[in-house]
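# Observations on the three-dimensional arrangement
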Amino acid sequence: MDLSEKFGPIRKGLLEFAVLRVIAAEKLYVAEMLQRLAGTEFATQEGTLYPLLSRLRREELVDYEWQESDAGPPRKYYKLTDPGRRALDELAGYWNHLHDTLTRLGN
Amino acid sequence: MRKVTTINLNNNAYQIDEDGYEELRAYLDKAECALASNPERAEILADLEQAIADKCRLALGPYKTVVSAAEIERILKEMGAVEGAGDAESAADPGNSRDSDTPAAAGAPRRMYRIYDGAMWSGVCTGLAAYVGVDVAFVRLAFILLTIASVGAGFLVYILMIVLVPKAVTPAEKAAAHGQPFNAQELVDRVKKKHEDFRSERREKRRMRRSAAWWSPPAIQPPPGYAARVTGGVLLPLLTVLSAVWFSCLAIAAYVLWQGRYYAGFDAWPPGSWHGHTDFPRWVALVAIIAIYALLAIPIGAGRRAALYYANGGRPHGWADAWSGLLWIALVAVLLLVAWHQLPQLQELLRHNEHGLRVISL
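Presented here is a report on the structure given in the accompanying data block. All of these numbers come straight from a predicted model, not from anything done at the bench.

### With respect to the overall build of chain A
Within chain A, the secondary structure is distributed over 5 helices and 2 strands. Going from the N terminus to the C terminus, chain A shows its helices and strands as α-α-α-α-β-β-α. Counting every position in chain A, which comprises 107 residues, the buried fraction comes to 39%. When contacts within chain A are restricted to residue pairs at least 6 apart in sequence, long-range pairs at least 24 apart make up 50% of them. Of the accessible surface of chain A, which amounts to about 6600 Å², a share of 52% is contributed by carbon and sulfur atoms.

### Details of the layout of surface pockets
Residue and element names in this part refer to chain B. Size it by volume and the second largest pocket reaches roughly 820 Å³. Lining the second largest pocket are 23 residues, and of these Glu18, Asp19, Ala130, Val134 and His178 sit closest to its centre. Mapped onto the lining of the second largest pocket, the elements with two or more residues apiece are helix H1 (18-34), helix H6 (124-132) and helix H9 (171-178). Considering each element in turn, the lining of the second largest pocket owes the most residues, 4 residues, to H1. Residues of the lining of the second largest pocket, tallied by class, amount to 9 nonpolar, 5 polar and 9 charged. Residues lining the lining of the second largest pocket come from more than one domain, with at least three contributed by each of domain 1 (4-80) and domain 2 (124-178).

### Examining the interface of chain B and chain A
Tallying the contact residues gives 30 residues for chain B and 19 residues for chain A. Summing both sides of the interface, chain B and chain A together bury roughly 1900 Å²; the carbon and sulfur share of this comes to 46%. In this structure, the salt-bridge partner of Glu40 of chain B is Arg58 of chain A, at a minimum N-O distance of 3.2 Å. Taken together, the links from chain B to chain A amount to 10 residue pairs in polar contact (both at pLDDT 80 or more). Mapped onto the side of chain B that touches chain A, the elements with two or more residues apiece are helix H2 (41-59), helix H3 (69-79), helix H4 (88-91) and helix H5 (94-105) of chain B. The element best represented in the side of chain B that touches chain A is H2 of chain B, accounting for 9 residues. A class-by-class count of the residues in the side of chain B that touches chain A yields 14 nonpolar, 5 polar and 11 charged.

### Quick notes on the nonpolar core
Judged by nonpolar contacts, the single largest core of 47 residues is most densely connected at Val19 and Met33 of chain A together with Ile52 of chain B. Top element by residues in this core is helix H2 (residues 8-25) of chain A. It accounts for 8 residues. In this structure, Val139, Tyr158, Ile162 and Ala176 of chain B belong to the second largest nonpolar core, which totals 17 residues.

### Looking at the sheet that holds strand E3 (residues 66-67) of chain B
All names here are of chain B. Strand order in the open sheet formed by 3 strands is E1-E2-E3, and the pairing between neighbours is mixed. Only two strands of the sheet have a single neighbouring strand rather than two, namely strand E1 (4-9) and E3. Pairing analysis gives 2 bridges linking strand E2 (residues 12-17) to E3, with the strands arranged parallel. Opposite Gln15, over in E3, you have Val66 as the bridge partner. Running over the sheet, H1 touches E1 and E2 and is turned about 120 degrees from E2.

### Some words on empty space enclosed by the protein
The tally for this structure, following the rule as stated, stands at 2 cavities of 30 Å³ or more. Counted as a void, the second largest cavity has a volume near 60 Å³. Lining the second largest cavity, in full, are Tyr50, Leu53, Ser54, Arg57, Tyr64 and Tyr78 of chain A together with Glu40, Glu43, Ile44 and Asp47 of chain B. The dominant element in the lining of the second largest cavity, judged by the number of residues it contributes, is helix H4 (residues 46-58) of chain A, at 4 residues. For the lining of the second largest cavity, the residue count by class is 5 nonpolar, 1 polar and 4 charged.

### Observations concerning the packing of aromatic side chains
Applying the stated criterion to the full structure yields 11 aromatic pairs over all chains. Geometrically, the ring pair formed by Tyr64 of chain A and Tyr78 of chain A is edge-to-face, given 5.6 Å between the ring centres and 65 degrees between the ring planes. Residue Tyr64 of chain A is located in strand E1 (residues 62-67), and its partner Tyr78 of chain A is located in strand E2 (residues 75-80); the two are separated by 14 residues in the primary sequence. The exposure classification of Tyr64 of chain A matches that of Tyr78 of chain A, with both residues buried. With a centroid separation of 5.9 Å and 5 degrees between ring planes, the pair formed by Trp121 of chain B and Tyr158 of chain B is classed as stacked. Placement of the pair is Trp121 of chain B in the loop between H5 and H6 and Tyr158 of chain B in helix H8 (residues 153-164), with a sequence separation of 37 residues. A residue is classified by how much of its surface remains accessible, and Tyr158 of chain B, at 11% relative accessible area, is buried. Grouping aromatic residues by their ring pairs yields a cluster made of Trp121, Phe143, Phe155 and Tyr158 of chain B. The cationic tip of Lys76 of chain A hangs over the ring face of Tyr64 of chain A; the distance from NZ or CZ to the ring centre is 4.6 Å.

Cut-off values and rules
- Residues numbered from 1 in each chain as written.
- Chains lettered and ligands numbered in written order.
- Predicted model: local features only at pLDDT ≥ 70, side-chain atom pairs only at ≥ 80, totals over all residues.
- Heavy atoms only, no water.
- Helix = DSSP H or I, 4+ residues; strand = E, 2+ residues; numbered from the N terminus.
- Buried < 20%, exposed > 50% of the residue type's maximum accessible area, 1.4 Å probe, protein only.
- Contact = heavy atoms within 4.5 Å.
- Areas by Shrake-Rupley, 256 points an atom, 1.4 Å probe, with all protein chains shown as cover.
- 1 Å grid on protein atoms, 1.4 Å probe; cavity = no way out; pocket = protein on both sides within 12 Å on 5 of 7 lines; lining within 4 Å.
- Points joined across faces, edges and corners; volume = space filled by probe spheres on them.
- Nonpolar A, V, L, I, M, F, W, Y, C, P; charged D, E, K, R; others polar.
- Domains from an automatic or database assignment.
- Buried area = accessible area lost by both parts, 1.4 Å probe.
- Salt bridge = Lys/Arg side-chain N within 4 Å of Asp/Glu carboxyl O.
- Polar contact = N/O pair within 3.5 Å; in protein donor to acceptor, adjacent residues only side chain to side chain.
- Core = buried A, V, L, I, M, F, W, Y, C linked by side-chain atoms within 4.5 Å.
- Pairing = 2+ DSSP bridges.
- Axes fitted to C-alpha atoms, helices over the stretch in contact; angles between N-to-C directions.
- Phe/Tyr/Trp six-rings, centres within 6.5 Å; stacked < 30°, edge-to-face > 60°.
- Lys NZ or Arg CZ within 6 Å of the ring centre and 35° of its normal.

Right under this line is the structure:
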């Protein structure tokens, strides 16, 4: 059974959760986010991440600020907004609930 | 020596190989299409351009000022296909969107197209040059030499290629015209896809046969694929010839029927079964002829319309209309002219036949 293929759509759906989680820890720009995610099951690419971040910003869950960088042009550093933090708590709660349900079902 | 193009990525100038430029443009065009309904399209595109620019900068050094096509290809592969609105729903089907979009965006398989950029006449030579990867001057020279050596057959091949090889219209097609030569895996995928296409096409056709409309362009129109366009180009002349011949048959049959009464022995037309019934109404025979004509002409016409649509690369009207229309008119004119000259013999033949039939029925 190919787990990575089987859970592909689920991982895809959880990407938003993973990104919010990564941003919650500290202010990051996109290349750093990709690096954080790279080693994990949620590894992704700019082509996916930029549209996702744009939507999250439209939903006012994240926001960015420009910061000068020592190499190259200024960068957009993303951070969580207050509604974003609440949304992340909700997501985490629901995820735990799902996990509990799956565990309980066997007993 | 290779040509380079200077581009402006989010206000940074970069020099890249010409092939790389084509790929980059195809990628950004595709991204723009994917984001068409996204209100923040401009900002996302600027972000993507900036990300590409950052990666380009990493590929350059103090003594390296040009980003090669291979590096562009690697960068675009790293970027990944741009996914629509960033929705979970649209992104929930990674297998589908990835597999079909990525190769077209970042390094399409090489296919033969006619390329109008830098073409002398029809883009056959430029397309062929891009396909085999040599300078276009060699291809033109080869065509001229071939034409001389083969006493004109080379020119015929050229005309045939104008008809059969589709024109590169979209940026993705232009990129595919220069793209990578396809490998075995690609071939297997294509055969698989063609099989699926064929099956769904057959299903579609069955559905269409049941419905009243014989053929009308699909309502939602993704541009037809390469195979569809080539098939359209092959079928169009065949169906045009068939249609013209069949129409000429109708015209000649109707004419012979109408003129029949002026010739002795033709009162009982059509010959054979109705022999002897001189009062057999002519118009019934005419209606029967037209019905027989329509029986074949409707499917031929539907097929021709479909072939036209695909030969025009998914547009209802285009260049294929002109030449197939001309071919049709010219063929009908020639056939009717020949028939006009041969009519006495034709009638002689019919009369002879009638005589024969009369003998048989006696």
